[in-house]
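# Per-entry structural report
For reference, the chains in residue letters:
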Amino acid sequence: DILIKNYPQWNIIDVSQTGYEADCRAIDTPVGPILYEFKNYDYNVNRDQVSKFVRDLEHTNIKYGIFISNTSGIVGRKNIEWEIINEKLIVFVSNMGLNGYGCIIGTELLLSLIDINVMKKDKNWIYSQNYQLTDIIENISESIDNLRDNIESYTKHKELISEQRIKINNSIDILEKNSFMCLLEL
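Rules used in this analysis
Residues numbered from 1 in each chain as written. Predicted model: local features only at pLDDT ≥ 70, side-chain atom pairs only at ≥ 80, totals over all residues. Heavy atoms only, no water. 1 Å grid on protein atoms, 1.4 Å probe; cavity = no way out; pocket = protein on both sides within 12 Å on 5 of 7 lines; lining within 4 Å. Points joined across faces, edges and corners; volume = space filled by probe spheres on them. Nonpolar A, V, L, I, M, F, W, Y, C, P; charged D, E, K, R; others polar. Buried < 20%, exposed > 50% of the residue type's maximum accessible area, 1.4 Å probe, protein only. Helix = DSSP H or I, 4+ residues; strand = E, 2+ residues; numbered from the N terminus. Pairing = 2+ DSSP bridges. pLDDT = per-residue confidence, 0-100. Phe/Tyr/Trp six-rings, centres within 6.5 Å; stacked < 30°, edge-to-face > 60°. Lys NZ or Arg CZ within 6 Å of the ring centre and 35° of its normal. Core = buried A, V, L, I, M, F, W, Y, C linked by side-chain atoms within 4.5 Å.

Let us now look at the layout of surface pockets. Of the pockets and cavities examined, the largest pocket occupies roughly 320 Å³. Residue composition of the lining of the largest pocket, grouped by class: 9 nonpolar, 4 polar and 3 charged.

As structure tokens, then:
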């Protein structure tokens, strides 16, 4: 009902009684059909249920799916997460309650991901990997630390080379002077 209320221009069809079709299908959307799966468990949704949903996407040949667990978590997933599985973009939403807003959050996230062309991995690699910003910052921070260490080491080596060059030139000057003195005495 909340999908129909928020997206009145879409055609929302209950397919829960049809096998291999999930629970609900949105058609006439700006991005094509979207398959929805709703769970209201007292325990976390297991991986088999997620695999069944991926199978339903394959069976219906729909490339966008939203998996919602209103009252529990989804094993191996954060509360809001997305993944590209077999060229299918799937949004996972859990623990949002029975108010129905989980499917709206999932739908808006899916539309946003499609809008930024997340499926075009060559153009939007960083998005398609679904990295968390904290992971990216951690990696960049680590790389910057390594870069700083390398620059510091390079600078020390350049200084050492300059110092040694001066010492070597002084030694050569002394040797040349002594050689000249020997030549004069000769």
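Turning to the pairing of strand E6 (residues 88-94), a few remarks are in order. Burial runs high along E6: 7 of the 7 residues are buried. Judged by which residues are buried, E6 turns out to be covered on both faces: Lys88, Ile90, Phe92 and Ser94 on one side and Leu89, Val91 and Val93 on the other are all buried. Sheet topology places strand E4 (residues 64-69) next to E6; 6 bridges connect them, and they run parallel. In the sheet register, phenylalanine 67 faces E6, and the bridge partner there is phenylalanine 92. In terms of strand pairing, strand E5 (residues 80-85) meets E6 through 6 bridges, oriented antiparallel.

With that settled, consider the confidence of the model for the chain. Residues at a pLDDT of 70 or more form 91% of the chain, whose mean pLDDT is 86. Mean pLDDT across the elements of the chain ranges from a minimum in helix H4 (residues 125-128), with 53, to a maximum in E4, with 95.

What follows concerns the packing of aromatic side chains. Overall, the coordinates contain 5 aromatic pairs when judged by the stated rule. Ring centres of tyrosine 7 and tryptophan 10 lie 4.3 Å apart, and the angle between their planes is 15°; this geometry places the pair in the stacked category. The residues tyrosine 7 and tryptophan 10 share a single accessibility class, namely buried. Members of the aromatic cluster, connected to one another through ring pairs, are Phe53, Phe67 and Phe92. The residue whose ring lies beneath arginine 77 is phenylalanine 92, and the NZ or CZ to ring-centre distance is 3.9 Å.

Moving on, we get to the nonpolar core. With 24 residues, the main nonpolar core has Leu3, Trp10, Ile34, Tyr36, Leu89 and Leu110 as its most contacted residues. Taken together, the elements giving at least two residues each to this core come down to helix H1 (2-6), strand E2 (24-27), strand E3 (34-39), E4, E5, E6 and helix H3 (101-115). The element that contributes the greatest number of residues to this core is H3, accounting for 6 residues. Core analysis: the second largest hydrophobic core is formed by 14 residues, Tyr41, Ile62, Ile74 and Phe92 among them.

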